[in-house]
Amino acid sequence: MRRLVPCTALCLLACNAFNNTTNTAGDDATATEGTAGTTDNPPTTSNEPTDGGGLQDTTIYDLQQDKVTPNKLVRVKDVVVVSPTKFSGSGAGSVFIQELDGGEYSGIQLYIYPDTATELMAQGKVPKPGDKLTVVGEYVEYKAMDDTGTETFSEINISLPDDIMITGTADAPTPPVVSPPDIANGGALTEVWESVPVTVENVDVTNPDLGFGEYEVTGGLHVDDMFFLPEGGPKPPMGTTLTLTGPLIYNFGNFKLVPRSCDDYVGFECMGGNTTDTDTETTGPMGAVTIFDIQQGAVPEGNFVTVENVVVTSPLNFKGDGFFVQDPAGGEYSGIYVYINQNPDMLAVQPGDVVTINGLYTEFYDMSQITAGQAGDVVVTGTDAVPSPLVVSPADIATGGAMTENYESVLVSVENVTVAAEANMFGEWTIDDGLLLDDLFFATADWPKPAVGDTFTSITGPLVYSFENFKLAPRTAEDLAQ
């Protein structure tokens, strides 16, 4: 079920700062916001360095001072986790680590691929604050332009569960107190403190709403709500005096402080986010649940779940990275999207297959999905009839309609409808009552583009949610009956 919360900037953890597409979008929709270091598609997808070099032992200090060539496979030993692990809607993880001695250049961000994050979840090995680690991964530098020129953001990409080794526990270094202008955009010490938890004391809120969950404090420093998503972070009013702590990140042309929980706020009562003594937003294996449980809010987001004996109701989408399933009983709240990340072991799944799914439940851009990207995550146990589509009113399932949540990812049909608007730049066209039609399952060349006034006796498909609109997604040409 889509959560009724605004999609703020780091709600878009799951999209690249440069040009990624959403999981459920077709070949025409491109996400436009995200964090350079928290993408769903970093440069490589294995633990082999792109330059062909071997494993290099190093330190975070050396990485952050450009003493290691980017795209190297590196090993960093005896570091401590200094933030919760934040999971994006697609299941990718992001967590900050630091050298035990702390100080300048001592922090870096780990990006954990969705499949790897899912396995860590199943194994109960998701990094948490205070864990002492040895990590192996590809060291990368993301480049982005701002008003001062080219900036980079460092991270280590983790592609295998065994590449994060929890070796014990350790105390995190005490965050140093820094001057806000020094770590704001253009500040003299931004690179020095990148990804390091720091504290700014007695700062005043100078702009309470920069958009995307951000606000500004003394010295032009931006504060972001990354660790409070998807609900959104604290919103201290203009003039509030605060002491704030958190890692320093860089995205969208700005350096930003990201408090990790309400514990990082002094001077303002806040609620939500992680707390420093909990594991992570993701709560671990939950066991067998139903699609109805998920879509009606009985399953907390971020749980590793098993959904048994559901029926595949669609082919793979055009991108080949997902399909829809439904409870055989059908009806409201009976459907969900399964994201497989183009896993070749699942390319044979087809409508009518009865499957058991093991994966991570998340809300990707406010649409429910299960990420099942590993071999064995989707097991075909038999075949059954695809549930008959429910005949609904276009007005009920169009954006703002009364039944959109009820029928999210469920097969539905609208009957005797007329084209009200031609295709937009994304290939979406509109029928009665503002209902959009999406080309999720079609190549652009095969997607019909009817004229205004054309009529259809019925249009069938799952109801999807992307880019803040509900859309009907026909699966084949037969779903568009004239």
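Residues numbered from 1 in each chain as written. Predicted model: local features only at pLDDT ≥ 70, side-chain atom pairs only at ≥ 80, totals over all residues. Heavy atoms only, no water.

Within an unreviewed UniProt entry, the label attached to the protein reads DUF5689 domain-containing protein, and the organism entered is Nannocystis punicea.

Moving on, we get to the overall build of the protein. Along the backbone of the protein there are 6 helices and 28 strands. Per-residue burial for the protein yields a buried fraction of 59% across its 482 residues. Put simply, the protein shows about 17,500 Å² of open surface, and 49% of that area lies on carbon and sulfur atoms. (Helix = DSSP H or I, 4+ residues; strand = E, 2+ residues; numbered from the N terminus. Buried < 20%, exposed > 50% of the residue type's maximum accessible area, 1.4 Å probe, protein only. Areas by Shrake-Rupley, 256 points an atom, 1.4 Å probe, with all protein chains shown as cover.)

This part covers unusual backbone geometry. For residues besides glycine, phi is generally negative; the peptide bonds are generally trans as well. You will see that Asn202, though not glycine, has its phi angle at about 50 degrees, which is positive. On the secondary structure map, Asn202 appears in strand S9 (residues 197-211). Despite not being glycine, Asn309 shows a phi value in the positive range, around 55 degrees. By secondary structure assignment, the location of Asn309 is in strand S16 (residues 303-312).

Here 3 bridges tie S9 to strand S10 (residues 214-217), and the two strands are oriented antiparallel to one another. Across the sheet, Val205 pairs through a bridge with Val217, a residue of S10. Hairpin connection of S9 to S10: 2 residues between the antiparallel strands, including Phe212 at a positive phi of 60 degrees. Note: S10 against strand S11 (residues 221-223), 3 bridges, orientation antiparallel. The residue bridging Tyr215 from the neighbouring strand is Val223, located in S11. Two successive antiparallel strands, S10 and S11, enclose a turn made up of 3 residues, where Gly219 displays a positive phi of approximately 85 degrees. (Pairing = 2+ DSSP bridges.)

What follows covers the nonpolar core. Among the nonpolar cores identified, the biggest contains 33 residues, and Ile183, Trp193, Val200, Tyr215, Val217, Leu244 and Tyr265 are the most heavily contacted of them. Those elements that provide at least two residues to this core are S9, S10, S11, strand S12 (241-251) and strand S13 (254-257). Of all the elements, S12 adds the most residues to this core, at 5 residues. Once residues within four sequence positions are removed from consideration, Val217 is found in contact with Val203, Asp204, Val205, Thr206, Val223 and Leu244. Counting residues in each nonpolar core, the second largest holds 31 residues, with Tyr407, Val410, Ile431 and Leu435 among its members. (Core = buried A, V, L, I, M, F, W, Y, C linked by side-chain atoms within 4.5 Å. Contact = heavy atoms within 4.5 Å.)

Moving on: the pattern of salt bridges. Counted according to the given criterion, the structure contains 10 salt bridges. Of the charged contacts, one joins Asp62 and Lys67 as a salt bridge, the two residues approaching to 4.0 Å between their closest N and O atoms. On the basis of relative accessibility, which here comes to 56%, the residue Lys67 falls in the exposed class. Taken together, the salt bridges that share partners define one network made up of Glu428, Asp438 and Lys471. (Salt bridge = Lys/Arg side-chain N within 4 Å of Asp/Glu carboxyl O.)

This next bit is on the pairing of strand S20 (residues 367-371). Counting buried positions along S20 gives 5 out of 5 residues, so the element sits mostly inside the fold. Side chains of S20 alternate between two faces, with Met367, Gln369 and Thr371 and Ser368 and Ile370 buried alike. Sheet topology note: the strand S18 (residues 335-339)/S20 ladder contains 3 bridges and is parallel. The partner of Tyr339 across the bridge, within S20, is Thr371. Where strand S19 (residues 353-364) lies against S20, 5 bridges are found, and the strand directions are antiparallel. Within S20, the position partnered with Phe364 by the bridge is Met367. From the end of S19 to the start of S20, which pair antiparallel, there are 2 residues, and Tyr365 there has a positive phi angle of about 50 degrees.

With respect to the secondary-structure elements, Asn406 resides in helix H6 (residues 404-407). Polar contacts involving the side chain of Asn406 include one to the side chain of Glu332, which spans 2.9 Å. Asn406 has contacts with Glu332 and Tyr333, leaving out every residue within four places of it along the chain. (Polar contact = N/O pair within 3.5 Å; in protein donor to acceptor, adjacent residues only side chain to side chain.)

Looking now at the packing of aromatic side chains. Going through the model one piece at a time under the given rule, you end up with 11 aromatic pairs. Here Trp429 and Phe456 contribute two aromatic rings whose centre-to-centre distance is 5.5 Å and whose plane-to-plane angle is 25 degrees, an arrangement assigned as stacked. Taken together, the positions of Trp429 in strand S24 (residues 429-431) and Phe456 in strand S26 (residues 455-466) put the pair 27 residues apart, joining distant regions of the chain. The same class applies to Trp429 and to Phe456, which are both buried. (Phe/Tyr/Trp six-rings, centres within 6.5 Å; stacked < 30°, edge-to-face > 60°.)

Looking now at the environment of Val203. With respect to the helices and strands, Val203 occurs in strand S9. Considered as a pair, Val203 and Ser179 are 24 residues apart in the sequence and their alpha carbons are 9.6 Å apart. Aside from chain neighbours lying at most four places away, what touches Val203 is Pro180, Val217, Thr218, Thr240, Thr241, Leu242 and Leu244.

This part is about the environment of Glu194. Relative to the helices and strands, Glu194 resides in the loop between helix H3 (180-183) and S9. Distance in space between the C-alpha atoms of Glu194 and Glu104 is 8.7 Å, their sequence separation being 90 residues. Among all residues touching Glu194, those that are not within four sequence positions of it are Gln64, Gly107, Thr152, Phe153, Ser154 and Leu248. One polar contact links the side chain of Glu194 to the main-chain amide nitrogen of Ser154, over a distance of 2.9 Å.

Burial within helix H2 (residues 114-123) is extensive, with 7 of its 10 residues counted as buried. Taken as a whole, H2 has its buried residues at Pro114, Asp115, Thr116, Ala117, Thr118, Leu120 and Met121. Following H2 by one or two positions, Gly124 has its phi on the positive side, about 70 degrees.

Of the residues in the protein, 82% have a pLDDT of 70 or more, and the chain-wide mean is 84. Across residues 2-52, where pLDDT falls below 50, the model places 174 contacts with residues more than four positions away in sequence or in other chains. Segment residues 273-284: pLDDT under 50, and 36 contacts once partners within four positions in sequence are set aside and those in other chains are kept. (pLDDT = per-residue confidence, 0-100.)

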